[in-house]
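# Summary of structural features
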Amino acid sequence: MSQLITRRSALVAAGTATAALAVRAQTAPAYTLPKLPFAYDALEPYIDAKTMEVHYSKHHQAYVDQLNKALAAAPQWQGRPVDQLLSQLSLLPASLQVAVRNNGGGHWNHSLFWETLGPAKDSKPSGALSDVLSKTIGDQAAVEQKMVAAGLSVFGSGWVWLVMRGDRGVELVTSPNQDNPLLSGRQALMGIDVWEHAYYLKYQNRRAEYLGAILKVIDWQKVSARYTALLG
Ligand code: MN
């Protein structure tokens, strides 16, 4: 009797463990928040710690969660690199395209944004990027001035992008919402978030002031390295 109970208990326990594993496998998210490459307060005083915390742990997390939720309906696409989803958006089921565009875009855009930010250290474009910028846009002051103007020109929420063109030149473009250059088959070297959630706590409606501040914490070494890598 006691042996039977033990055996039955063991079976129940094994069954529970199997069920738990199955649940975990089903719910393991395909997309996760990347580790932030700096502390929340690392961009002070330009970008305050509270804004960074909310922006990363709430807004970016929500895009990740919503992307996972949307792709639960299309397992064959789940887990594919986000840049692939966005550059092949028209191949996805039509019912998912808006959700993937908005939330996959949100995830990819913020992941790149964090990668190109860092504590203010007066960094400058270097190497091939420095050359191409001075040939096509101007010196760093001109580039920054045009980035501010582009940011101010976005009506509502969106992004400013420095993109690599097909001829390997670069240009500044803007996008609405969470759209990005991948949607039109182009590579982004960096993006600047001009959604109010990126600055409202500290700058309220003063977008120009925020743009001036965010330019202090762009890590141009990382943007330069990205351009060199994309040149191949
Ligand atoms: Mn944002």
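Residues numbered from 1 in each chain as written. Predicted model: local features only at pLDDT ≥ 70, side-chain atom pairs only at ≥ 80, totals over all residues. Heavy atoms only, no water.

## Considering the confidence of the model for the chain
For clarity, the threshold we go by: Confidence scores labelled pLDDT are given residue by residue by the predictor and lie between 0 and 100. Contacts are assigned to residue pairs with any non-hydrogen atoms lying within 4.5 Å of each other.
Within the chain, residue pLDDT values average 91, and 88% of them lie at 70 or more. Overall, residues 1-24 carries pLDDT values under 50, and its contacts beyond four positions in sequence, including any with other chains, amount to zero contacts.

## A few points about the coordination of the manganese ion
As a benchmark, a tetrahedral metal site with four donors has ideal angles of 109.5 degrees, while an octahedral site with six donors has ideal angles of 90 or 180 degrees. Using the following cut-off: Counted as coordinating are nitrogen, oxygen and sulfur atoms within 2.8 Å of the metal, or 3.2 Å for Na, K and Ca, while water is not included, which may make sites look incomplete. Strands here mean DSSP runs of E at least two residues long; helices mean DSSP runs of H or I at least four residues long; both are numbered from the N terminus. Only protein chains enter the calculation, and the probe is 1.4 Å; a residue is then buried if its accessible area is under 20% of its type maximum, exposed if over 50%, and partly exposed in between.
Bound to the manganese ion on the protein side are His55 (NE2), His110 (NE2), Asp193 (OD) and His197 (NE2), at distances that span 1.9 to 2.1 Å. Read N to C, the donor residues that coordinate the manganese ion are spaced as H-x54-H-x82-D-x3-H. Linking His55 in helix 2 (residues 49-71) with His197 in the loop between strand 3 (187-193) and helix 7 (200-203), this pair joins segments that are 142 residues apart in sequence. Taking the relative accessible area as the measure of exposure, His55 reaches 2% and is therefore buried.

## Things to note about helix 8 (residues 207-214)
What counts, and what does not: It is the directions from the helix axis to the C-beta atoms that the arc portrays.
Of all the positions in helix 8, only Arg207, Tyr210, Leu211, Ala213 and Ile214 are classed as buried. Seen from one end, helix 8 has its buried residues packed into an arc of 160°, which puts them on one side. Buried residues in helix 8 make contact with helix 4 (94-115), helix 6 (140-153), strand 3 and helix 7.

## Remarks on the packing of helix 5 (residues 127-136) against helix 9 (residues 220-231)
The packing of two helices is summarised by the inter-axis angle and the distance between the axes. Note the threshold: Angular values range over 0 to 180 degrees, each being the angle between N-to-C directions of two axes fitted as lines to C-alpha atoms, with helices fitted over their stretch in contact. Angle categories: roughly parallel below 35 degrees, roughly antiparallel above 145, roughly perpendicular from 65 to 115, and oblique for all the rest. Residues are sorted three ways: Asp, Glu, Lys and Arg are charged, Ala, Val, Leu, Ile, Met, Phe, Trp, Tyr, Cys and Pro are nonpolar, and all the rest, Gly among them, are polar.
Where helix 5 contacts helix 9, the two axes come as close as 7 Å, and the packing angle between them is 90°. Of the possible angle classes, the one that applies to helix 5 and helix 9 is roughly perpendicular. Counted together, Ala128, Leu129, Val132 and Leu133 of helix 5 and Trp220, Val223, Ser224, Tyr227 and Leu231 of helix 9 form the full contact between these two elements. Across the contact of helix 5 with helix 9, the residue classes break down as eight nonpolar, one polar and no charged.

## Considerations on the environment of Val160
Note that Val160 resides in strand 1 (residues 158-164). On the basis of relative accessible area, Val160 is assigned to the buried category, the value being 2%. With 15 residues separating them along the chain, Val160 and Ser175 place their C-alpha atoms 6.6 Å apart. If near-sequence neighbours (up to four positions away) are discounted, Val160 is found in contact with Met147, Ala150, Gly151, Leu172, Val173, Thr174, Met190, Gly191, Ile192 and Val194.

## Some details on the pairing of strand 2 (residues 170-176)
Test applied: We treat two strands as partners when DSSP finds at least two bridges between them.
Bridge count for strand 1 against strand 2 is seven bridges, and the pairing is antiparallel. Within the sheet, the bridge partner assigned to Val163 lies in strand 2 and is Glu171. Here strand 1 folds back onto strand 2 in antiparallel fashion, the turn holding five residues, of which Arg168 has a positive phi close to 75°.

## Digging into the packing of helix 2 against helix 4
Rules: Whether a crossing is left-handed or right-handed is set by the direction in which the near helix is turned from the far one by less than a right angle, anticlockwise for left-handed and clockwise for right-handed.
Look at helix 2 against helix 4: their axes get within 8 Å of each other, and the N-to-C directions meet at 145°. Relative to helix 4, the crossing made by helix 2 is left-handed. Across the interface between the two elements, Met52, His55, Tyr56, His60, Tyr63, Val64, Gln66, Leu67, Ala70 and Leu71 of helix 2 pack against Leu96, Ala99, Val100, Asn102, Asn103, Gly104, Gly106, His107, His110, Ser111, Phe113 and Trp114 of helix 4. Each residue belonging to the contact of helix 2 with helix 4 can be placed in one class, and the counts come to 12 nonpolar, 10 polar and no charged.

## Section: empty space enclosed by the protein
The test is simple: Points on a 1 Å grid over protein atoms alone make up a cavity when a 1.4 Å probe fits among them but cannot get out, and a pocket when they form an open set with protein on both sides within 12 Å along at least five of seven lines; lining residues each have an atom within 4 Å of a point. Grid points are joined across faces, edges and corners, and a volume is the space filled by probe spheres set on the points.
By the definition in use, this model includes one cavity of 30 Å³ or more. In this structure, the largest cavity occupies an estimated 40 Å³ of space. Of all the elements in the fold, those that place two or more residues in the lining of the largest cavity are helix 2, helix 4 and helix 8. Broken down by class, the residue content of the lining of the largest cavity amounts to nine nonpolar, two polar and no charged.

## Focus on the pattern of salt bridges
Quick note on the threshold: Each salt bridge in this description consists of a side-chain nitrogen of Lys or Arg and a carboxyl oxygen of Asp or Glu lying within 4 Å of one another.
For the structure shown, the criterion picks out five salt bridges. Two residues, Arg165 and Asp167, come together in a salt bridge whose shortest N-O distance is 3.1 Å. With a shortest N-O distance of 2.7 Å, Glu171 and Arg186 are connected by a salt bridge. With Glu171 in strand 2 and Arg186 in the loop between strand 2 and strand 3, this residue pair connects regions lying 15 residues apart in the sequence. Among the residues examined, Arg186 registers a relative accessible area of 24% and is labelled partly exposed.

## Observations concerning the sheet that holds strand 2
Spatial strand order, 2-1-3: three strands in an open sheet with antiparallel pairing. Edge positions in the sheet fall to strand 2 and strand 3, since each has one partner strand and no second. On average, adjacent strands in this sheet sit at an angle of 25° to one another, irrespective of strand direction. Here strand 1 runs beside strand 3; their pairing, made up of six bridges, is antiparallel. Paired with Trp161 across the two strands is Gly191, which belongs to strand 3. Docked against the sheet, helix 6 engages strand 1, strand 2 and strand 3, running at close to 20° with respect to strand 2.

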